[in-house]
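Chain by chain, the residues:
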Number of protein chains: 2
Amino acid sequence: MNTNLDTPAVLIDRVVVERNILRTQGFLDGIGLKLRPHIKTHKLPWLAKRQVAAGAAGITCQKIGEAEIMADAGIGDILITYNILGREKLARLRHLASRCDLTVSADNEIVVDGLSATFSESGKPLKVLVECDTGHGRCGVQNPEDALKLAQMIEQSAGLTFYGLMTYPAAHDMKRVEAWLQNAKNLLEKAGLPCPVISIGGTPNLRSAGEVPTATEYRAGTYIYNDRSLVLAGACSIGDCALTVQATVVSRPTETRAIIDAGSKILTSDLFGLNGYGLIPEAPKAQISGLSEEHGTIDLANSGWDPAIGDQVAIIPNHACVVSNMVNFVYIRRRDGSVEKSLVAARGCVS
Amino acid sequence: MNTNLDTPAVLIDRVVVERNILRTQGFLDGIGLKLRPHIKTHKLPWLAKRQVAAGAAGITCQKIGEAEIMADAGIGDILITYNILGREKLARLRHLASRCDLTVSADNEIVVDGLSATFSESGKPLKVLVECDTGHGRCGVQNPEDALKLAQMIEQSAGLTFYGLMTYPAAHDMKRVEAWLQNAKNLLEKAGLPCPVISIGGTPNLRSAGEVPTATEYRAGTYIYNDRSLVLAGACSIGDCALTVQATVVSRPTETRAIIDAGSKILTSDLFGLNGYGLIPEAPKAQISGLSEEHGTIDLANSGWDPAIGDQVAIIPNHACVVSNMVNFVYIRRRDGSVEKSLVAARGCVS
């Protein structure tokens, strides 16, 4: 299919996006969980607003810079799921809190001390969730007892209020996540600390969200676009993938080799344990076997595919969230087939 | 070492950059090869100009967008080592050729046809190199006979002039590269087609450039910053690495785990077959064992290192060229210790 786009380009199918938004919102509504989309996937203020209009409770950001751009666009309820440290970031956080309903997370006392010093005279206490390591092995307090201790410290800190628990359960054992959080919630309630929010997340586990009845909200990002890793994990179908990288065949050096103008500077090197750097729906047996920065090498052996130089190719990347972060603009294909350019406003917000 | 930079940030040591520029220029001067730096590594016009001032013959770009920005900055001699296809790109190429001394490459007849149609009435023939696959297995004609055929086609095409050969010999067998190019050059000269330029490249092989005496110029990008992959390949020392990612320890969930605020959205997932996602010079046994988008997980086991939350960490990434492409700004540390912010002007020039 030739889109007439100058390649490489990131193309977003608005119809598929809308279906993904409504389906996920409907699923979580059905099991009584709030949805708090993670905007890291699209970094587009207008899509964040669409997610909220469709029923999301607010949004999730990972970086203050992302949250600033979303607040600028009028998003009212923002959770930053990150340990925020350092004078510059804390000063920005205080400004941000003055213009939206802000919640952050923390997993250690040093972060809590910095937040308290920043908000002690703000007049409006900052809501802080305790980040819990329920099995993923990244950030988070290591057990429910430590969650209680940190919650107590937060509650006793000037300018802060303990607001609940947060975890990223990328581990697929959702029953373990539930046991961990239930245990922590019980300890907290016995200590007189209610948990208004228990926030879990991750698109791969989204359909198992019902196995964590203690949770009050679900954070997910990738569901809005989906990608090859989610197709291969059985979390969605190829037709649910809204984001494609449009590339052009620029060389056919041999019978079995095609070179495209999409390399690691647009598809990224994210493999997620998969073979190859993306899926070509029109030739699913063709393997994107290697990437250099601006070239992708496609192995055509046994693919039954023989693209010509100049042909345009659509690729579903392994990981959508990192691809939209590579480009200054994405292209949005509307229901009527028209294509609009859209600034990835929160791209490059590294801090 | 604390730089007071808000993290994560990409920091460039100007003193090391200058040494790398002068050393590589001096080495290639010594063996009689021109240097044509690839600006994909830094994407900074002022560094490209510094490379030219230090003796480079011109620059190499992979994308028209990069070349446009470099021409805007006053760079006069630009080689784009890419098969350029499509109406929009060809129109831009013609504009670009009107304001700099431009050379491009091609490895197939379709590309040559497009170039000829674009330049047939330009008055100034476009210089075209034939790209040769001398063993790397990416783009390029597959044998010297095909190089001759394509060169003859270029020479007979309106608006174009055959200007020589180009190859990217990432394969380490430089003697094979020499034999290939020598053979092609002989065929061309017998056919009455001189080769003013025979362009080879690649920082990893730079010290073996003398093994390809047929070459007239060398393209290299990464040498200006160097990186962990080049240190481990023996191509440079740790002290030659000018680019570091500055990160902050944001969590210490366990005795052996530290989490930093640098993930795949700044370090990238480029592994190059190495273990871990970068080198921490102050703790070389600490392994950056995993990245998610905004977190890096460091395994401290047996590292003898016990960083505190809030500590700033310098990381030499596996691959420098993709890291500077992730950020809108890099920070330049001058000889006097001062630090300046510098726009990565050609970042995001995907087409």
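As the structure is a computational prediction, the values presented were derived from the model and not from experiment. (Residues numbered from 1 in each chain as written. Chains lettered and ligands numbered in written order. Predicted model: local features only at pLDDT ≥ 70, side-chain atom pairs only at ≥ 80, totals over all residues.)

A. Inspection of the overall build of chain A at higher detail. For chain A, the count of helices and strands is nine helices and 16 strands. Taking 351 residues into account, the globule formula puts the C-alpha radius of gyration at 20 Å, and chain A, at 22 Å, falls close to it. Its C-alpha atoms put chain A at 70 × 40 × 35 Å along the principal axes. When burial is assessed residue by residue, chain A has 54% of its 351 residues classed as buried. Excluding contacts between residues fewer than 6 apart, the proportion of contacts in chain A whose partners are at least 24 apart in sequence is 67%. (Helix = DSSP H or I, 4+ residues; strand = E, 2+ residues; numbered from the N terminus. Rg over C-alpha atoms; globule rule 2.2 N^0.38 Å. Buried ≥ 20, exposed ≤ 12 C-beta atoms within 10 Å, placed from the backbone. Contact = placed C-beta atoms within 7 Å.)

B. Layout of the sheet that holds strand 9 (residues 217–219) of chain A. Residues and elements named next belong to chain A. Taken together, eight strands build an open sheet; the order of strands is 2-9-8-7-6-5-4-3 and the sheet is parallel. At either margin of the open sheet sits one strand with a lone partner, and together these are strand 2 (34–35) and strand 3 (59–61). Here strand 6 (residues 126–132) runs beside strand 7 (residues 160–167); their pairing, made up of seven bridges, is parallel. Looking at the pairing, Val 130 lines up with Leu 165 of strand 7. (Pairing = 2+ DSSP bridges.)

C. Structural context of the interface of chain B and chain A. Between chain B and chain A, the residue contacts involve 47 residues of the former and 47 residues of the latter. Listed by contribution, the elements that provide at least two residues to the side of chain B that touches chain A are helix 4 (87–97), strand 10 (243–254) and helix 9 (320–324) of chain B. Looking at which element gives the most residues to the side of chain B that touches chain A, the answer is strand 10 of chain B, with six residues. For the side of chain B that touches chain A, the per-class residue count stands at 13 nonpolar, 21 polar and 13 charged. (Nonpolar A, V, L, I, M, F, W, Y, C, P; charged D, E, K, R; others polar.)

D. The arrangement of unusual backbone geometry in detail. Residues and elements named next belong to chain A. Going from Thr 7 to Pro 8, the amide bond is cis rather than trans, its omega being -5 degrees. Summarising the element assignment, Pro 8 is placed in the segment before strand 1 (9–13). One non-glycine residue with positive phi stands out, namely Phe 272, at about 50 degrees. Turning to its location among the elements, Phe 272 is positioned in the loop between strand 11 (257–260) and strand 12 (287–291).

E. Quick look at the relation of the copies chain B and chain A. With an RMSD of 0.0 Å, chain B superimposes on chain A once it is rotated by 180 degrees and translated 0.0 Å along the axis. Put plainly, the chains are arranged around a two-fold axis. Considering only C-alpha atoms, the residue of chain B closest to the rotation axis is Ser269(B), which sits at 2.6 Å. (Least-squares fit on C-alpha atoms with pLDDT ≥ 70 in both.)

F. Fine view of the sheet that holds strand 2 (residues 34–35) of chain B. Residues and elements named next belong to chain B. Read across the open sheet, the eight strands follow the order 2-9-8-7-6-5-4-3; overall the sheet is parallel. Each having just a single partner strand, strand 2 and strand 3 (59–61) make up the two edges of the open sheet. With respect to the sheet, helix 3 (residues 64–72) is in contact with strand 3 and strand 4 (77–80), its orientation differing from that of strand 4 by roughly 175 degrees. (Axes fitted to C-alpha atoms, helices over the stretch in contact; angles between N-to-C directions.)

G. Broad picture of the domain arrangement of chain A. All names here are of chain A. Segmenting chain A into domains produces domain 1 (31–224) and domain 2 (229–343). Contacts between the two partners involve ten residues from domain 1, matched on the other side by eight residues from domain 2. Of the residues assigned to the side of domain 1 that touches domain 2, the class counts are two nonpolar, five polar and three charged. (Domains from an automatic or database assignment.)

H. Local environment of the pairing of strand 7 (residues 160–167) of chain B. Residues and elements named next belong to chain B. Within strand 7, seven of the eight residues are buried, which leaves the element mostly enclosed by the surrounding structure. Once you follow strand 6 (residues 126–132) into helix 6 (residues 144–156) and on to strand 7, the crossover reads as right-handed. Bridge analysis of strand 7 against strand 8 (residues 197–201) gives three bridges, and the strand direction is parallel. Paired with Gly 164 across the two strands is Val 197, which belongs to strand 8. (Right-handed = clockwise from strand over helix to strand, strands pointing away.)

I. A look at helix 4 of chain B. Residues and elements named next belong to chain B. Among all positions in helix 4, only Lys 89, Leu 93 and Ala 97 are buried. Seen along its axis, helix 4 keeps its buried residues to an arc of 70 degrees; they face one direction. Those residues of helix 4 that are exposed and aimed more than 90 degrees away from the buried face are Arg 87, Ala 91 and His 95. Those residues of helix 4 hidden inside the fold are in contact with helix 3, strand 5 (101–106), helix 5 (109–119) and strand 6. (Arc of directions from axis to C-beta.)

J. Fine view of the pairing of strand 1 (residues 9–13) of chain B. Residues and elements named next belong to chain B. In the sheet, strand 1 pairs with strand 10 via four bridges, with the strands oriented antiparallel. Bridged to Ile 12 within strand 10 is Leu 243. Where strand 1 meets strand 15 (residues 329–333), three bridges bridge the pair, whose relative direction is parallel. Paired with Asp 13 across the two strands is Arg 333, which belongs to strand 15.

K. The arrangement of the nonpolar core in detail. Core analysis: the largest hydrophobic core is formed by 214 residues, its most contacted members being Val128(A) and Val128(B). Apart from the residues lying within four places of it in its own chain, the contact partners of Val128(A) are Val104(A), Ser105(A), Ala106(A), Val112(A), Leu115(A), Ile154(A), Leu160(A), Thr161(A), Phe162(A) and Tyr163(A). (Core = buried A, V, L, I, M, F, W, Y, C linked by C-beta atoms within 7 Å.)

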